[in-house]
Structure formats: C-alpha cells, structure tokens
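# Notes for the structure review
Okay, here's what each chain looks like letter by letter:
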Amino acid sequence: MVDWRCIFLDYCSAFGCILTIPNFWEIIQNESSSILGLTFLFGALWGIGGFMYGLGVRYLGVALGSSISWDLPWLLDLFTFYLL
C-alpha cells in the first residue's frame, strides 16, 4: 500500500523549490559537499527524532509520551549546563 503523504511531502516540496527559487540547481551545485552532507545528516536526524517521538506516543500514550519526550531534552541540557 502506498503512503501518499510521503510521496506528497518528498516530491511536492522538491518541485516547489525548483519552481520558486531562481537558479535552484546552480545554488545546489555550487555548495560545498560538507554543507550538503551536514544538511542531509540533520535532515535524517530530524526524521529519526520524529519517528522516535511517534513510537513514544504510541507505546506510552499521549500524555506520558509527550511529557517525557519534551522534558527529557530540557533536563539533559540543565544537567550538562550545571556539571560542565
């Protein structure tokens, strides 16, 4: 079964960039490979984070899953700020 949301988000966003940004391919080709690699890496990490959030909400419920996934990064930042 095809998930049309994924196809819509992937292809329509790329198609929108090509239509609305002048010289889009030249901009992408002139960018360094390290910047493109970091862009791909952070995009993949964003996708993994969204997937993990969805699993947390699925298995823990909306209230507990959301509170843990929203408060845990804040607590880690607070912990590392005061220890380092």
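See the structure above.
This section reports on the structure supplied with the text. (Residues numbered from 1 in each chain as written. Predicted model: local features only at pLDDT ≥ 70, side-chain atom pairs only at ≥ 80, totals over all residues. Heavy atoms only, no water.)

### Here's the deal with the overall build of the protein chain
To be explicit about the condition: Each helix is a run of DSSP H or I of at least 4 residues and each strand a run of E of at least 2, with the numbering of both proceeding from the N terminus. In this description the radius of gyration comes from C-alpha coordinates, and the expected globular size is given by 2.2 Å times residues to the power 0.38. Relative accessible area decides the class of each residue, using a 1.4 Å probe on protein chains only: under 20% of the type maximum gives buried, over 50% gives exposed, and in between gives partly exposed. Using the Shrake-Rupley algorithm and a 1.4 Å probe, accessible areas are obtained, with residue cover drawn only from the displayed protein chains.
When helices and strands are tallied, the protein chain shows four helices and zero strands. Its helices and strands taken in sequence order, the protein chain reads α-α-α-α from the N to the C terminus. Radius of gyration (C-alpha) of the protein chain: 18 Å, far over the 12 Å computed for a compact globule of 84 residues. Seen along its three principal axes, the alpha-carbon backbone of the protein chain occupies a region of about 45 × 45 × 20 Å. Within the span of the protein chain, comprising 84 residues, buried residues form 4% of the whole. Summing over all exposed atoms, the protein chain offers an accessible surface of approximately 7700 Å²; the carbon and sulfur share of this is 74%.

### Some thoughts on unusual backbone geometry
The phi angle at asparagine 23 is positive, at roughly 55°, despite the residue not being glycine. Residue position: asparagine 23 is located in the loop between α1 (4–20) and α2 (24–30).

### Some points on the packing of helix α3 (residues 33–60) against helix α4 (residues 62–83)
Each pair of packed helices can be described by the angle between their axes along with the distance between the axes. We apply this condition: Angular values range over 0 to 180 degrees, each being the angle between N-to-C directions of two axes fitted as lines to C-alpha atoms, with helices fitted over their stretch in contact. Left-handed describes a crossing in which the near helix is turned anticlockwise from the far one by less than a right angle; the clockwise case is right-handed. Only heavy atoms matter for contacts: two residues are in contact if any of them lie within 4.5 Å across the pair. Classification used: nonpolar for Ala, Val, Leu, Ile, Met, Phe, Trp, Tyr, Cys and Pro, charged for Asp, Glu, Lys and Arg, polar for all others including Gly.
Look at α3 against α4: their axes get within 6 Å of each other, and the N-to-C directions meet at 145°. In terms of crossing hand, the pair formed by α3 and α4 is right-handed. Every residue of α4 that contacts α3 at Tyr53, Gly56, Val57 and Leu60 is listed here: Val62, Leu64, Gly65, Ser66, Ile68, Ser69 and Trp70. Residue classes in the contact of α3 with α4 are distributed as seven nonpolar, four polar and no charged.

### Focus on α1
Cut-off, in case you're wondering: Expected span of a helix, by definition, is 1.5 Å for each gap between consecutive residues, and there is one gap fewer than residues.
For α1, spanning 17 residues, the distance from its first C-alpha to its last is 23 Å, which sits close to the expected 24 Å at 1.5 Å a residue. The buried fraction of α1 is low, at zero of 17 residues.

### Concerning a nonpolar patch on the surface
Put simply, the test is: Nonpolar side chains (Val, Leu, Ile, Met, Phe, Trp, Tyr) are joined into patches within 5 Å and like charges within 9 Å, using only residues with over 30% relative accessible area and no salt bridge. Only one rule defines a salt bridge in this text: a Lys or Arg side-chain nitrogen within 4 Å of an Asp or Glu carboxyl oxygen.
A cluster of nonpolar side chains, namely Ile35, Leu38, Leu41, Phe42, Leu45, Ile48, Phe51 and Met52, defines an oily patch on the protein surface of about 790 Å² accessible area. By the element assignment, isoleucine 48 lies in helix α3.

### Describing the environment of leucine 75
Examined against the element boundaries, leucine 75 turns out to sit in helix α4. The exposure class assigned to leucine 75 is partly exposed, which follows from its relative accessible area of 44%. Once the C-alpha coordinates of leucine 75 and alanine 63 are considered, the two residues, twelve residues apart in sequence, prove to be 18 Å apart.

### Overview of the packing of aromatic side chains
We count it as follows: Pairing of aromatic side chains here covers Phe, Tyr and the six-membered ring of Trp, requires ring centres within 6.5 Å, and sorts the geometry by plane angle: under 30 degrees stacked, over 60 edge-to-face, intermediate tilted.
This model, assessed by the stated rule, comprises one aromatic pair. A centroid spacing of 5.3 Å and a plane angle of 65° characterise the contact between phenylalanine 24 and tryptophan 25, whose relative ring orientation is edge-to-face. Taking relative accessible area as the criterion, phenylalanine 24 reaches 18% and is therefore assigned buried.

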